[in-house]
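# Geometric and topological summary
Here is what each chain is made of, one letter per residue.
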Amino acid sequence: MTDREERRITPPRGPDDPTAPETPLRRPGDDERVRRAIRSAIEADAGPLPPPPANTMEFKAMNVIALDHIYLAFDEPILEDVSLTAKAGETVAVLGESGTGKSTILKLLLRLLVPERGRVFVDGEEITQLNFDRALKVRQKMGMVFQGAALFDSMTVYENVAYPLREHTHLSEEEIETRVREKLDFVDLDPDKVMDQTPAELSGGMKKRVGIARGMANNPHIMLYDEPTSGLDPLTTGTITHLILKLQRELGATSVVVTHDVRSAFRMASKIAVLANRKIHFFGTPEELTGSDDPYLRDFLGGF
Ligand SMILES: Nc1ncnc2c1ncn2[C@@H]1O[C@H](COP(=O)(O)OP(=O)(O)OP(=O)(O)O)[C@@H](O)[C@H]1O
Ligand SMILES: [Mg+2]
């Protein structure tokens, strides 16, 4: 009989047992307590533990989306050593001045662009090296709401929302209509009123709603938004922000929202990334951002 087997069949000894050894017996959970004590001692000494490196299983399992040390240049460098992550169900807002590379980040995630250096992970899969077919499959996991809504002007609202379903699924016409109605309902548009209208007949806020309905038509578990509230009045901005929050809460999607609107970023985001001078100038929670005394951030937030 091995030591281990003996320990398993020996009945546990109580405190009154005369044969009990002087050293107290190990109890279940002791290992965990020791680990926690060591961890908190390390953290007290050296701050929080660093995140796991990007090539580990732990990193891949943790993050639905990750940019890992990305470098990208067009005529001149745009992104230098840019890293950010989104865990399941998180919303990361990307803020930054015009031309800093916010839309470029979304294009990297959709693999419409490939970085010169660094890696992009979606659901733990490194996507920069994928062939066209496989990249298309990865893209289908994501719903995209484009900058400026970008609806097809010559198509009706129905056809706009049905478009990704026709492109990427084999649903019947009846199933497509059910899905289109469901999504228009979700974004608080009356399907019977708007389905046959063209984008030109809609207000700015309604166009954004149709853009969101189209983005979520495939039931993606990742949503990417490029300036979903740009050009809207404050009230409509509020309703669109509320809609994005509803989508996150009810569908649990992991989201990246590029926005100029600091107020809606704070309402939506679990993490905020601020891009400046080709780098991630800040990446953290909204509370950490408001608590920062970094002069650039204070200036950028404009007293928010
Ligand atoms: N295909 C391209 N070819 C060359 N330069 C490009 C290309 N796409 C983007 N750029 C440049 O890269 C930079 C970042 O562009 P990007 O569209 O990502 O900025 P942005 O932060 O989204 O700006 P905005 O807030 O105005 O939408 C800009 O200087 C832009 O001119
Ligand atoms: Mg942009």
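Because the structure is predicted, anything quoted here is derived from the model rather than measured.

## Section: the overall build of the protein
Summing up its helical and strand segments, the protein has 13 helices and ten strands in all. Looking at the protein as a whole, 31% of its 304 residues are labelled buried. The long-range share in the protein, meaning contacts at least 24 apart out of those at least 6 apart in sequence, stands at 64%.

## Quick look at the packing of helix α6 (residues 157-168) against helix α7 (residues 173-186)
When two helices pack together, you describe them by how their axes are tilted relative to each other and by the distance separating the axes. Where α6 contacts α7, the two axes come as close as 10 Å, and the packing angle between them is 115°. Between α6 and α7 the crossing geometry is right-handed. On α7, the residues touching Y158, V161, A162 and L165 of α6 are I176, R179, V180, K183 and L184.

## Let's talk about the site of ligand 1
Taken together, F74, I78, G96, S98, G99, T100, G101, K102, S103 and T104 make up all the residues around ligand 1. Looking at which element gives the most residues to the shell around ligand 1, the answer is helix α4 (residues 102-109), with three residues.

## Focus on the confidence of the model for the protein
Looking at the protein, the pLDDT average stands at 85 and 82% of residues meet or exceed 70. Between residues 1-24, whose pLDDT stays under 50, and residues either more than four places distant or in other chains, the model counts four contacts.

## What about helix α9 (residues 204-215)?
Relative to the 16 Å expected for twelve residues at 1.5 Å per residue, α9 spans 17 Å between its end C-alpha atoms, a close match to the ideal helical length. Three or more residues of α9 are buried, namely K207, K208, R209, V210, G211, I212, A213, R214 and G215. In the core, the buried residues of α9 are packed alongside β6 (142-145), α6, α7, β7 (222-226) and α10 (234-251).

## Considerations on the sheet that holds strand β5 (residues 125-126)
Pairing between the strands of a sheet comes from backbone hydrogen bonds, and it takes one of two forms, parallel or antiparallel. One open sheet accounts for four strands, arranged β2-β1-β4-β5; its pairing is antiparallel. In this open sheet, the two strands that pair with only one neighbour each are β2 (77-87) and β5. Sitting on the sheet, α4 is in contact with β1 (63-73), β2 and β4 (117-122), with an inclination near 120° to β1.

## Quick word on the sheet that holds strand β8 (residues 254-258)
Strand order in the open sheet made by the six strands is β6-β7-β8-β3-β9-β10, with mixed pairing throughout. The open sheet terminates on both sides in strands that have one partner only, identified here as β6 and β10 (279-284). In this sheet, neighbouring strand axes are inclined to one another by 15° on average, regardless of whether the strands run parallel or antiparallel.

## Looking at the pairing of strand β9 (residues 271-276)
Remark: a regular strand shows side chains that alternate across the two faces of the sheet. Taken across its six residues, β9 has five buried, putting it largely inside the fold. Here strand β3 (residues 91-96) runs beside β9; their pairing, made up of five bridges, is parallel. Across the sheet, the residue bridging to V92 is K271, located in β9. Sheet analysis places β9 next to β10, joined by five bridges and oriented antiparallel. Note that in β10 the partner of A276 across the bridge is K279. Between β9 and β10, which pair antiparallel in sequence order, lie two residues; one of them, N277, sits at a positive phi of approximately 50°.

## Description of the environment of L95
Checked against the element boundaries, L95 lands in strand β3. What makes L95 buried here is the crowd of 26 C-beta atoms within 10 Å. Here the alpha-carbon distance between L95 and L301, two residues 206 residues apart in the chain, equals 10.0 Å. Excluding anything up to four places from it in sequence, L95 contacts T259, V262, A265, I272 and V274.

## Quick look at the pairing of β3
Along β3, six of the six residues are buried, which leaves the element largely enclosed by surrounding structure. Examined bridge by bridge, β3 and β8 share four bridges and lie parallel to one another. Residue pairing across strands places T91 opposite S255, the latter belonging to β8.

Cut-offs applied
- Residues numbered from 1 in each chain as written.
- Chains lettered and ligands numbered in written order.
- Predicted model: local features only at pLDDT ≥ 70, side-chain atom pairs only at ≥ 80, totals over all residues.
- Helix = DSSP H or I, 4+ residues; strand = E, 2+ residues; numbered from the N terminus.
- Buried ≥ 20, exposed ≤ 12 C-beta atoms within 10 Å, placed from the backbone.
- Contact = placed C-beta atoms within 7 Å.
- Axes fitted to C-alpha atoms, helices over the stretch in contact; angles between N-to-C directions.
- Left-handed = near helix turned anticlockwise from the far one by under 90°.
- Near = placed C-beta within 6 Å.
- pLDDT = per-residue confidence, 0-100.
- Expected span 1.5 Å × (residues − 1).
- Pairing = 2+ DSSP bridges.

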